[in-house]
Amino acid sequence: MSCGLCSEPAKYACPRCNIQYCSLKCYRCPEHASCSEEFYKEAIHEELKSSSGSDPSRIRGILEKIHRGEEEEEDSTDSDDDEDLDARLRDINLDDSEEVWSRLTPQEKRDFNKALESGEMEAYIPEYVPWWIKKPIAPLEDSSRIPLVTPDVQALPPHKKVSPSLPYTILNVLYSYAYAMRFVYGDYTDDPQLFNSMVLHLSLGLKNDGIFEGVDLALESAASRVDPLYSVSRDLTRSVKKDAILLARDYVLEALSDLRNSLKRQKKEDPILKKEIKLAVIKLEFLIAYAKTHWKGDILSLKIK
C-alpha cells in the first residue's frame, strides 16, 4: 500500500484519520497538519498534566526550558521571540492545552515537538505505575483500578483442541496493551481511538497473520512495530516486555477483558476501523475463552532476552 501523502510505500497508519503514511516527515506535512497539530496539542496537555498535577510552577518550568532552547536558536525570526514567557502564561488556565499551545511561539512549538520525539520530556514526568504493578493495599483510585474479568465470555470446553501457539499470541497482545497503557499514562478514556489504534498496530496477534513460535518472537514482534509516532524511548520498549510477563502471570484475563471492552466501545463510533475492530474483538473473546480453561503460565518459565 502506498503512502497517502507521497508515493513511497506506507509503513504506518494515522491513529486519527487512518491515512497510510511512510514517515514522520509525511505525518507532519502541511497536507496532514489538521491531524498532526492536534496530536501535538494533546501531547503537550498530557505532558503538562502528568508532570505537574496542579502545580503551576512545574508547568512553567517545562515551558521555560523550551523557551530557553528557542532563545539559543540564532536564526530564529519569530516576531514574539522577545516576549516574556511568564507574561504570556499569566492568567491562563494551564490545564487548557489549546490555550497553552496558542501562547507558544512557532519555534517553541518546534522545540517542544523535538523534545517529545527525542524522549527528553521524560525527565519532567513522574514515573507512571500501572494498575498491574500497584499493590491494592488501600482502595484503588479509578485510574489505578484492576479491570474486571468479562463474565459474558464462556470458557472453552477442556477437550477442545487449540493451537500450541496461543500462549505466545496472548503474550504478543499483552505487550501491545501494556505499551499503549504506558503511552497514555493509564487513561485511554481521553482518546480511546489513539489507544485502540496503537494496540491494533502493535499486535499482529490480533490479526490472522500473527502466529508466533516462542516468547521472544511474540514480544519482539510487537516491540519492533513501535514506530516513530509511538516511540518514547528504547528503555521503555524493552521494559514493557516485563509488563507483559507480569500481566501473563497475574492478570491475563483482566488485561484481555479491559482491551476487549475498550475496542467494543469504539466499534460503535468508528466506521473507518469498524471491521478491523470487530475481528480483533472476536479474536480477544476467543483468547479469553481459551485462557479461562487452559492458561497455566507455562511460558513464564522461559527466559526473556
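Residues numbered from 1 in each chain as written. Predicted model: local features only at pLDDT ≥ 70, side-chain atom pairs only at ≥ 80, totals over all residues. Heavy atoms only, no water.

- The protein chain appears in an unreviewed UniProt entry as HIT-type domain-containing protein from Caligus rogercresseyi.

1. What about the packing of helix α7 (residues 166–183) against helix α10 (residues 234–250)?
Working step 1: One way to put it is that α7 packs onto α10 with a least axis distance of 8 Å and a crossing angle of 120 degrees. When the interaxial angle is binned, α7 and α10 end up oblique. For the pair α7 and α10, the crossing hand works out as right-handed. Touching Leu171, Leu174, Tyr175, Tyr177, Ala178, Tyr179 and Arg182 of α7 are Leu236, Thr237, Val240, Lys241, Asp243, Ala244, Ile245, Leu247 and Ala248, all from α10.
Working step 2: Taken together, the residues that form the contact of α7 with α10 break down as 12 nonpolar, one polar and three charged. (Axes fitted to C-alpha atoms, helices over the stretch in contact; angles between N-to-C directions. Helix = DSSP H or I, 4+ residues; strand = E, 2+ residues; numbered from the N terminus. Parallel < 35°, antiparallel > 145°, perpendicular 65-115°, else oblique. Left-handed = near helix turned anticlockwise from the far one by under 90°. Contact = heavy atoms within 4.5 Å. Nonpolar A, V, L, I, M, F, W, Y, C, P; charged D, E, K, R; others polar.)

2. Section: the packing of aromatic side chains
Working step 1: Under the criterion given, the structure shown has six aromatic pairs.
Working step 2: With centroids separated by 6.1 Å and ring planes inclined at 45 degrees, the aromatic side chains of Trp132 and Tyr177 adopt a geometry described as tilted. In this pair, Trp132 is assigned in the loop between α6 (106–118) and α7 and Tyr177 in helix α7, connecting sequence segments 45 residues apart. Pair check on accessibility: Trp132 and Tyr177 agree, each one buried.
Working step 3: Taking 6.2 Å as the distance between ring centres and 85 degrees as the angle between the ring planes, the aromatic pair formed by Tyr177 and Phe195 counts as edge-to-face. Taken as a pair, Tyr177 in helix α7 and Phe195 in helix α8 (residues 192–202) lie far apart in primary sequence, 18 residues in all. When sorted by exposure, Tyr177 lands in the same class as Phe195, which is buried.
Working step 4: By the ring-pair criterion, three or more aromatic residues cluster together here, those being Trp131, Trp132, Tyr177, Tyr188, Phe195 and Tyr251. (Phe/Tyr/Trp six-rings, centres within 6.5 Å; stacked < 30°, edge-to-face > 60°. Buried < 20%, exposed > 50% of the residue type's maximum accessible area, 1.4 Å probe, protein only.)

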